[in-house]
Amino acid sequence: MAEDALDFGQMYEMYRKRIERYLSRLVGETEAEDLTQETFLKAGKKLEGFRGEAQPLTWLYKIATNTALDRLKSPSFRQLVQIEPAPGPAENASVCAPLPVDASPSPNVERQLIREEMSACIRRVIDRLPENYRTIIVLSNLEGLKDREIADVLGERTGAIKIRLHRAREQLRKELSSTCVFYRDEENELACDLKSLSVGSPGS
């Protein structure tokens, strides 16, 4: 079987960048590199027992997810998050276009925005979701895994994944509607900005 022939070096070269990107979406870029190394160290120790019941990438996603969740729950990470200042309007003012009339995103619009990662404000909204919602949104909408693959990664039944993914998307739509203003930019591409930036504008 192809899986039996997969060695550590081959696996590392094939999947390292994808796993690091995934981890950066869960824990941030500053933590992602170290956690990627930790993920592959764990995978290397377990590789001999890998029998190919799952695809190698799905198996790595599972190890990476558990590694990320352990880090998110660690006291040192929680302390770091509390120390870091929250981004404010001034940080984004230089990159924001004038904001038009507010419009809530439809499910199709929401999926398009997430998939293309068109705006930093979308990523901030995703980052504020509860861990169980954020993880499943990232796996489905950003990493492109199917429900069955997500079930393998998270160790749950496919039916439970469908329910949680539906709830996560509903929560995300609510957050997007309350946080973001959607508009068409100069190239007629769909984009968004934080609502707080439009409050108190001169002449309003």
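For the structure, check the block above.
This text gives an overview of the structure that appears in the document. (Residues numbered from 1 in each chain as written. Predicted model: local features only at pLDDT ≥ 70, side-chain atom pairs only at ≥ 80, totals over all residues. Heavy atoms only, no water.)

**Some words on the overall build of the protein**
Secondary structure assignment for the protein yields ten helices and two strands. Along its sequence from the N terminus, the protein presents helices and strands in the succession α-α-α-α-α-α-α-α-α-α-β-β. Relative to its full complement of 204 residues, the protein shows a buried share of 41%. A total accessible area of about 11,800 Å² is found for the protein, and carbon and sulfur atoms account for 49% of it. (Helix = DSSP H or I, 4+ residues; strand = E, 2+ residues; numbered from the N terminus. Buried < 20%, exposed > 50% of the residue type's maximum accessible area, 1.4 Å probe, protein only. Areas by Shrake-Rupley, 256 points an atom, 1.4 Å probe, with all protein chains shown as cover.)

**Structural notes on the pattern of salt bridges**
Summed over all chains, the structure comprises nine salt bridges. Here R21 and E143 are joined by a salt bridge, their closest N and O atoms 2.9 Å apart. Pair noted here: R21 is in helix α1 (residues 8-27) and E143 is in the loop between α8 (131-142) and α9 (147-154), with a separation of 122 residues, a long-range link. Using a relative accessible area of 5% as the deciding quantity, one classes E143 as buried. In this structure, the salt-bridge partner of D147 is K162, at a minimum N-O distance of 3.0 Å. (Salt bridge = Lys/Arg side-chain N within 4 Å of Asp/Glu carboxyl O.)

**Notes on the nonpolar core**
When a protein is soluble and globular, its nonpolar side chains tend to lie buried together. Ranked by size, the top nonpolar core spans 48 residues in total, and within it M11, I19, W59, L60, Y61 and L139 carry the most contacts. A total of nine residues in this core trace back to one element, the largest contributor, which is helix α3 (residues 56-73). The residues contacting I19, other than those within four sequence positions of it, are T36, T39, F40, L57, L60, Y61 and A64. (Core = buried A, V, L, I, M, F, W, Y, C linked by side-chain atoms within 4.5 Å. Contact = heavy atoms within 4.5 Å.)

**Describing helix α10 (residues 158-179)**
Residue pairs three or four apart in sequence face the same way in an α-helix, which turns once every 3.6 residues. Here α10 contains 22 residues, and its C-alpha end-to-end distance of 31 Å stays within 8% of the 32 Å for a straight helix at 1.5 Å per residue. Within the span of α10, buried status applies to I161, R164, L165, A168, R169, L172, R173, L176 and T179. (Expected span 1.5 Å × (residues − 1).)

**A closer look at the packing of aromatic side chains**
For the structure on display, the rule yields four aromatic pairs. Ring geometry for F8 versus Y12: centroids 6.2 Å apart, planes at 25°, classification stacked. With F8 and Y12 both in helix α1 and four residues apart, the pair spans about one turn of that helix. Judged by relative accessible area, F8 falls into the partly exposed class, the value being 34%. Residues Y22 and Y61 carry aromatic rings whose centres are separated by 4.9 Å and whose planes lie at 90° to one another, so their mutual orientation is edge-to-face. Within this pair, whereas Y22 is found in helix α1, its partner Y61 is found in helix α3, the two being separated by 39 residues in sequence. Among the residues examined, Y61 registers a relative accessible area of 1% and is labelled buried. The rings of F8, Y12 and F40 are connected pair by pair, giving a single aromatic cluster. (Phe/Tyr/Trp six-rings, centres within 6.5 Å; stacked < 30°, edge-to-face > 60°.)

**Quick word on the environment of V125**
Mapped onto the elements of the fold, V125 is located in helix α7 (residues 120-128). Sequence separation of V125 and T179 is 54 residues, and the distance between their C-alpha atoms is 7.7 Å. Ignoring anything within four residues of it in the chain, the contact list for V125 reads L172, E175, L176, T179 and C180.

**Focus: α3**
Its 18 residues place the ends of α3 26 Å apart at the C-alpha level, agreeing with the 26 Å of an ideal helix rising 1.5 Å per residue. For α3, a buried count of 14 out of 18 residues is recorded, marking the element as mostly surrounded by other parts of the structure.

**Section: the packing of α1 against α3**
One way to put it is that α1 packs onto α3 with a least axis distance of 10 Å and a crossing angle of 35°. Here the hand of the crossing between α1 and α3 comes out right-handed. Every residue of α3 that contacts α1 at M11, Y15, R18, I19, Y22, L23, L26 and V27 is listed here: P56, L57, W59, L60, Y61, A64, T65, A68 and L72. Here the residues of the contact of α1 with α3 are counted per class, giving 15 nonpolar, one polar and one charged. (Axes fitted to C-alpha atoms, helices over the stretch in contact; angles between N-to-C directions. Left-handed = near helix turned anticlockwise from the far one by under 90°. Nonpolar A, V, L, I, M, F, W, Y, C, P; charged D, E, K, R; others polar.)

Remember that the coordinates give geometry; whether it matters functionally is a separate question.
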